[in-house]
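# A look at the structure
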Amino acid sequence: MTPLIVFAQSGFEADFRGYVKELGAFSLSDDLGTLRYDNILHHPYRSRFDLGEQFEIRADAENAII
């Protein structure tokens, strides 16, 4: 994960993290005549916003493209 942290004078703090991963696979047909390549692109994303001692917001998202 690659973090990005943001600070401000008013006590506001933001933290963004995520990565992109490609998962590939080769397969052969039953008669060994066709080679096939499939992949999945995976991208989770996490964020946190600290707005003071009593209040925090967290938001996460995750994508998988097949």
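Summarised in this report is the structure supplied together with it. Remember, predicted model here, so these are calculated numbers, not experimental data. (Residues numbered from 1 in each chain as written. Predicted model: local features only at pLDDT ≥ 70, side-chain atom pairs only at ≥ 80, totals over all residues. Heavy atoms only, no water.)

## Points about the overall build of the protein chain
- A tally of helices and strands in the protein chain yields zero helices and five strands.
- Counting from the amino terminus, the protein chain carries its helices and strands in the arrangement β-β-β-β-β.
- Taking all 66 residues of the protein chain together, 14% fall into the buried category.
- In the protein chain, 30% of the contacts between residues at least 6 apart in sequence involve partners at least 24 apart. (Helix = DSSP H or I, 4+ residues; strand = E, 2+ residues; numbered from the N terminus. Buried < 20%, exposed > 50% of the residue type's maximum accessible area, 1.4 Å probe, protein only. Contact = heavy atoms within 4.5 Å.)

## Remarks on the side chain of His42
- Inspection of the secondary structure assignment puts His42 in strand β4 (residues 35-50).
- Overall, the relative accessible area of 15% leaves His42 in the buried class.
- Reaching out from His42, the side chain makes a polar contact with the side chain of Glu62 at a distance of 2.8 Å.
- Non-local contacts of His42, meaning those with residues more than four positions away in its chain, are made with Tyr19, Val20, Lys21, Glu62 and Asn63. (Polar contact = N/O pair within 3.5 Å; in protein donor to acceptor, adjacent residues only side chain to side chain.)

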